[in-house]
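Single-letter residue listing:
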Amino acid sequence: MASFSKFGNELYTGERSYDIVGKRKIWYAVAAVLILTAIIVPILRGGFVFGIEFRGGSQFQVSDTANLQQSLATRTVQSVVPNANPKVTIIGGHSVRIQTDQLTNAQNVATQAALAKAYDVQVKQVTTSFIGATWGQDITRQAITGLIVFVLLAGAVMALYFRTWKMSLAALIALLHDLVITAGFYGILGFEVTPAAVIGFLTILGYSLYDTVVVFDKIRENTLEDGGDSTRTFAESVNYAVNQTLVRSINTSVVAILPVAGILFIGALLLGAGTLRDISLALFIGILVGTYSTIYIAAPMYAHLRSSDELVKKHDKRVISARQASIVK
Amino acid sequence: MIIALLAGLNAAGAIGDATSGSTTAGNRWAPKLALDLEGGTEIILAPVIAKGAAAPTGDQLNQAVSIIRQRIDAAGVSEAEINTQGGQNVVVSIPGVADQATISRIESSAKLEFRAVLQTDAASNRTDAATPTPSATTPAADGATPGATAGPTPTAAATPTTKPTDASDLAWITPELAAQFASFDCASLDKSGANVADPKKPLVTCDEVDPKNPGAPVAKYILGPVEVAGETISDATAGQVSTSQGAVTGQWAVNIVFNSKGSKEFGNVTSRLFSLTGARHQFAIVLDGRVISAPTTNAVITNGKPQITGNFTQATAKVLADQLKFGALPIGFTVQSNNQISATLGSSQLQSGILAGLIGLILVVVYSLFQYRLLGLVTVASLVVAATITYLFVTLLSWREGYRLSLAGVAGLIVAIGITADSFIVYFERIRDELRDGRGLSSAVEAGWKRAIRTVLASDTVNFLAAGVLFIVAVGNVKGFALTLGITTIIDVLVVALFTHPVLQLLSRTAFFSEGHRFSGLDPKALGAVYRGRATFREPVGVSAGKKASSSKEAVKRQTIAERKAAEQSSLGSKGKDS
């Protein structure tokens, strides 16, 4: 800890400083490459893999069975409904999940009974679900509405709080970056997009901005306090603030990600595919990307946006000429 | 004092919970669980809206919910929960497994129709079920089972007499129908499929059971084919009968307004029925296969504005008017999703959720102890307080608003651990910053707090905004998640302001923390503070002039008398040298 807080101290006093804002072109390039990858690769792969909630279909789950043969499920389903197109997954070590095309009620009942017999369990241990294709679409439509409303509101709130729309713009650009990259992860790795994943995705909205607001608050403080007679250029002030809050960013992100990691671990290991895993996976990626983007995208972007302000220009010019003067001496 | 306030808050919550316990029996300290944690069946029904038609209104949906509730209650399913969702869907939650019959009963749309009455048996009641007239013995041996005939009129074999000329013709009553009528048991009306009867065929059905007098005998009817469909009703209101002079009589009636198609059809019915006598003088208003009213025809009504009078009270007239108005809606429902979760799967999901939460909590505790030493204990205590309040609040909400905790909600709570702990980190780091600038602990706590609360409020506002927007627009699972996230965000602000900050104020006065013990997490030396003991200050790096001034003023204030004297002497001494 001593070394970590020493690290924090050096960052705070400015003894140690990472030039993040100054190298913004590098970070922009990295972001551009990541975003392009996140968009192009999923398209090349043929789009996202949607969960049954979006496709529509029937789902059976045989729970607590010792027999985990996948082919048995396929054979059983096909013996009842030949063209049901079953997809079998083993979940959490003691359950078998079978997803099929949409079956009729009679087929559902027959399949349920056949599966119970094949896996030698009671019929009530085989749950059946039926999901119409519009259900997932409903959730998605609502999610997109929510996304737009939130972005507008959050943009307005931040602009009011920070007294500059440029901070909101920078924060929202970073948010967009986080969303695209998280979505890209799903597309590239072929994870199923389920309503739970959409929930996790939406939570990134709040988290990513939360993180950005904490850092921006310090930036605002520094640039305000430095005032006109500062020896730092505006970009340097921003960079100093980012460095000062680096330890905080790391700590808050670690603390935020630990519980999510806990859910992800339990969700993936014990339950297999399901609500917990899907929510936490999106969040896990989102928090990592969100922390990165606050430091490497939002802050440099803000300095960049402000660099064309008359006041900032004048200030920077004065600082630089004062510096040159002192070198000449 | 604030802790006492919090304790009071908790106690208030506990009293609330205790009262809830007495009303709901048991479960007094635990929130109700959603189906994905408890097991059961959840059916989401989406309205089928004709192209170009407007989406159903809230009133219509509420009416649909109450109709569906009646149907489910009639099926003998207990503890079903029926809600609307997202402004258009209806969600039916049933503990256990729903059989096919229940589902199809729920699914069928509310259908209102007018049929002419052919025969009634008002004296009959449920004991009729004992009448041993099995329908199989009826003369259906000719091979024409009426159930299978698809024609608009009964086949000749089933109607040995003449073909019915109109909807009131008694020729509709075949011996078979008569037998069915005789043996018909009103208790099994729901199972008879009356609600999905063919509108072109006669129907055997019953009155609604009077809710005020459930033991009273109900009337049985044989009704002619549908003559006026409920969709043709454009409005129905309850009102008092007025005389031709416009004076109000005080008698309640239901006024119906038909559209042009309905007016014509209804005019035809009344002109025919008016001349008939006995049961055939009546027409029946049938909702979902059940007769809700069978008024007699007192006049030929051709203007499409009939009035139903009778022994109405204001309430019963209103109910009938609502049934006519909303029951007539052409909204049917289709099952959008039907999700079954076995009780074992539910409880294993709950266990995993709790386990995940514990793991997350322990990781956070370990990390904050590692990072902040004993100060980490403040985090732990604050988290415990936040968790307690959250738990009580969710329980309260579950009791008051019928909120059910779902797996997504549990995930929201776990995610909130991190977000709550983040506020403490923001606060602690601010205090450390102030210490680094050379402040004493008490003033660092105060100054750090002023800055931290701004940040915490701003960032929590953003978070709350996200949760709020999600809650308003979202459906189902997303809603549960957004709700827990929103609640915990508010609780986070409360805890950090009313618990964490006062605790730190108290701690900053203890020797352990103010002297900066190396395990306190606030050791100025470890923090590389500019404060180098004994009122000597290194020039702070990167601190504004104003702040410098305020911190040195603070330092002067904190000098002991001896130190001040020494400082004065040394400055005097230097003056003396100069002179």
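Small disclaimer: the values here were computed from a predicted structure and weren't measured.

Re the overall build of chain A
- Assigned secondary structure in chain A consists of twelve helices and six strands.
- Across the 329 residues in chain A, those meeting the buried criterion constitute 53%.
- For chain A, contacts bridging at least 24 residues in sequence account for 76% of all contacts bridging at least 6.

Describing the overall build of chain B
- Helix and strand counts for chain B stand at 15 helices and twelve strands.
- In chain B, once contacts between residues fewer than 6 apart in sequence are set aside, the share between residues at least 24 apart is 74%.

Quick notes on the sheet that holds strand β7 (residues 233-242) of chain B
All names here are of chain B.
- Read across the sheet, three strands follow the order β7-β8-β11 without closing on themselves; strand pairing throughout is antiparallel. Looking along the sheet, the strands with just one partner apiece sit at the ends: β7 and β11 (307-309). Sheet twist, expressed as the mean angle between neighbouring strand axes with direction ignored, is 25 degrees.

A closer look at the interface of chain A and chain B
- Chain A puts 70 residues into the contact, and the matching count from chain B is 68 residues.
- Of all the secondary structure elements, the ones that give two or more residues to the side of chain A that touches chain B are α1 (2-13), β5 (126-131), α6 (133-162), α8 (195-226), α10 (246-271) and α11 (275-306) of chain A.
- Counting residues per element, the side of chain A that touches chain B draws most heavily on α10 of chain A, which supplies 18 residues.
- Its residues assigned to classes, the side of chain A that touches chain B shows 39 nonpolar, 23 polar and eight charged.

Observations concerning the nonpolar core
- Counting 143 residues, the largest nonpolar core has Ala171, Val238 and Ala299 of chain A together with Ala411 of chain B as its most contacted members.
- Ignoring sequence-local partners within four residues, the contact set of Ala299 of chain A consists of Ile20, Val21, Val215, Ile219, Val238 and Val242 of chain A.
- Counting 46 residues, the second-largest nonpolar core is a separate cluster that includes Leu112, Leu177, Val218 and Ala236 of chain B.

What about the sheet that holds strand β4 (residues 112-121) of chain B?
Residues and elements named next belong to chain B.
- The sheet built from five strands is open, its strands ordered β5-β6-β4-β9-β10 with antiparallel pairing. Each end of this open sheet is capped by a strand with a single partner; those strands are β5 (203-206) and β10 (290-293). Ignoring strand direction, the axes of neighbouring strands in this sheet form an average angle of 55 degrees.
- In this structure, β4 lies alongside strand β6 (residues 220-229), joined through seven bridges in antiparallel fashion. Bridge pairing in β6 places Asp121 opposite Lys220.
- Contacts from helix α6 (residues 260-274) reach β4, β6 and β9 (283-287) within the one sheet, and its direction differs from that of β6 by about 140 degrees.

Overview of the environment of Gly230 of chain B
- Structurally, Gly230 of chain B can be placed in the loop between β6 and β7.
- On the basis of neighbour counts, which here come to 24 C-beta atoms within 10 Å, the residue Gly230 of chain B falls in the buried class.

Comments concerning the packing of helix α9 (residues 234-244) of chain A against α11 of chain A
Residues and elements named next belong to chain A.
- Two elements in contact, α9 and α11, have axes separated by 9 Å at closest approach and are oriented at 160 degrees. In this view, α9 runs roughly antiparallel relative to α11, as classed from their interaxial angle. Taken as a pair, α9 and α11 cross one another with a handedness that is right-handed. Side by side, α9 and α11 meet where Phe234, Ala235, Val238 and Val242 of the first sit next to Ile295, Ala299, Tyr302, Ala303 and Arg306 of the second.

Observations regarding the environment of Thr231 of chain A
All names here are of chain A.
- Secondary-structure assignment places Thr231 in the loop between α8 and α9.
- Judged by C-beta crowding, with 12 C-beta atoms within 10 Å, Thr231 ranks as exposed.
- Sequence spacing of Thr231 and Ile320 is 89 residues, and the spatial spacing of their C-alpha atoms is 8.6 Å.

Structural notes on the confidence of the model for chain B
- On average, chain B scores 71 in pLDDT, and the residues at 70 or more come to 64%.
- Scored below 50 in pLDDT, residues 123-160 of chain B makes 46 contacts in the model with residues more than four places away or belonging to other chains.

Regarding the environment of Phe424 of chain B
Residue and element names in this part refer to chain B.
- Along the chain, the position of Phe424 falls in helix α10 (residues 407-436).
- On the neighbour-count criterion, Phe424 (29 C-beta atoms within 10 Å) is buried.
- Distance from Phe424 to Val495, taken between C-alpha atoms, is 9.8 Å for residues 71 residues apart in sequence.
- In contact with Phe424, not counting residues within four places along its chain, are Thr379, Ser382, Val496 and Thr500.

Focus on helix α4 (residues 70-80) of chain A
Residues and elements named next belong to chain A.
- Looking at α4, one finds that the buried residues are Ala73, Thr76, Val77 and Val80. Buried residues in α4, looked at end-on, bunch into an arc of 95 degrees, giving them a common side. For α4, the exposed residues lying more than 90 degrees away from the buried face are Ser71 and Ser79.
- Here the buried face of α4 lies against β3 (87-91), β4 (95-100) and α5 (105-118).

A word on the packing of helix α2 (residues 24-45) of chain A against helix α7 (residues 165-189) of chain A
Residue and element names in this part refer to chain A.
- Axis separation between α2 and α7 bottoms out at 8 Å; the angle between their running directions is 35 degrees. Where α2 crosses over α7, the two elements pack in a sense that is left-handed. Residue-level contacts link Ala31, Leu34, Ile35, Thr37, Ala38, Ile39, Val41, Pro42 and Arg45 of α2 to His177, Val180, Ile181, Ala183, Gly184, Gly187 and Ile188 of α7.
- The class makeup of the residues in the contact of α2 with α7 is eleven nonpolar, four polar and one charged.

So, unusual backbone geometry
Residue and element names in this part refer to chain A.
- We note that Asp120 has phi near 55 degrees; this positive angle belongs to a residue other than glycine.
- If you trace the backbone, Asp120 turns up in the loop between α5 and β5.
- Judged by local crowding, Asp120 falls into the exposed class, with 10 C-beta atoms found within 10 Å.

Things to note about α5 of chain A
Residues and elements named next belong to chain A.
- An ideal rise of 1.5 Å per residue puts 20 Å on 14 residues; α5 measures up with 20 Å between its terminal C-alpha atoms.
- Tucked into the core, α5 has its buried residues touching β2 (57-63), α4 and β5.
- Once α5 ends, the next one or two residues include Asp120, with phi positive near 55 degrees.

What counts as what
Residues numbered from 1 in each chain as written. Chains lettered and ligands numbered in written order. Predicted model: local features only at pLDDT ≥ 70, side-chain atom pairs only at ≥ 80, totals over all residues. Helix = DSSP H or I, 4+ residues; strand = E, 2+ residues; numbered from the N terminus. Buried ≥ 20, exposed ≤ 12 C-beta atoms within 10 Å, placed from the backbone. Contact = placed C-beta atoms within 7 Å. Pairing = 2+ DSSP bridges. Axes fitted to C-alpha atoms, helices over the stretch in contact; angles between N-to-C directions. Nonpolar A, V, L, I, M, F, W, Y, C, P; charged D, E, K, R; others polar. Core = buried A, V, L, I, M, F, W, Y, C linked by C-beta atoms within 7 Å. Parallel < 35°, antiparallel > 145°, perpendicular 65-115°, else oblique. Left-handed = near helix turned anticlockwise from the far one by under 90°. pLDDT = per-residue confidence, 0-100. Arc of directions from axis to C-beta. Expected span 1.5 Å × (residues − 1).

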